[in-house]
Amino acid sequence: WLFNWGQRSTQTVHLDNYHHFTAPKRITSVLTRLKADPVGIVFPLARMFNGAYPSIADDEELIGSLHKSANDLPFRGSGTGRHFSSGPVREAYLEACQRWPLKLSAGDTLLYYHLQEEGGIDVRSLHASCPTEGSPAPKLSMAK
């Protein structure tokens, strides 16, 4: 897929294309930047290797609840809007965009996993592009 984010004030924090009829489950995604990313992408529930991440990523009770919910929902992904576009996850997304956006250069590729070792959905793969509104350059990505 080729994405042109245009000028968006926000993107919904989401899991990539999960539906209870989807088989086999998507294990990973690969995102390649076609131009330098002017705003970045964030994974608000992930613990980043450099220790820079929202404190919500350390809330094991919340993460456990979200894991259960994501694995129990009959439809999961950007279409659900449940748990992922409001409340503490939304706040963590906004904080991560301001403080720790992952900005890839042209040609950089990001590989990320969607599943836990036992095959369940990993909510730490929730992600979203940071707002592109007012960005000096278009955000173009290619993903598979």
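The rules behind each value
Residues numbered from 1 in each chain as written. Predicted model: local features only at pLDDT ≥ 70, side-chain atom pairs only at ≥ 80, totals over all residues. Heavy atoms only, no water. Helix = DSSP H or I, 4+ residues; strand = E, 2+ residues; numbered from the N terminus. Contact = heavy atoms within 4.5 Å. Disulfide = S-S within 2.5 Å. Buried < 20%, exposed > 50% of the residue type's maximum accessible area, 1.4 Å probe, protein only.

### A closer look at the overall build of the chain
Logical step 1: Counting secondary structure elements, the chain contains two helices and eight strands.
Logical step 2: Each helix and strand of the chain, ordered N terminal to C terminal, gives the series β-β-β-β-α-β-α-β-β-β.
Logical step 3: Within the chain, contacts between residues separated by at least 24 positions form 83% of all contacts whose residues are at least 6 apart in sequence.

### Some points on the state of the cysteines
Logical step 1: Per the stated rule, a full pass over the model turns up one disulfide.
Logical step 2: Covalent S-S linkage joins C97 and C130, the inter-sulfur distance amounting to 2.3 Å. Judged by the sign of its S-S torsion, about -100°, the cystine formed by C97 and C130 is left-handed. Within this pair, whereas C97 is found in helix α2 (residues 87-99), its partner C130 is found in the loop between β7 (128-129) and β8 (140-143), the two being separated by 33 residues in sequence.
Logical step 3: Under the relative-accessibility criterion, C130 is labelled buried at 4%.

### Focus: the environment of L102
Logical step 1: Within the element layout of this structure, L102 appears in the loop between α2 and β6 (109-113).
Logical step 2: The class of L102 is partly exposed, set by a relative accessible area of 27%.
Logical step 3: Taking the C-alpha atoms as reference points, L102 and V39, separated by 63 residues in sequence, lie 8.2 Å from one another.
Logical step 4: Ignoring sequence-local partners within four residues, the contact set of L102 consists of D37, G40, I41 and L110.

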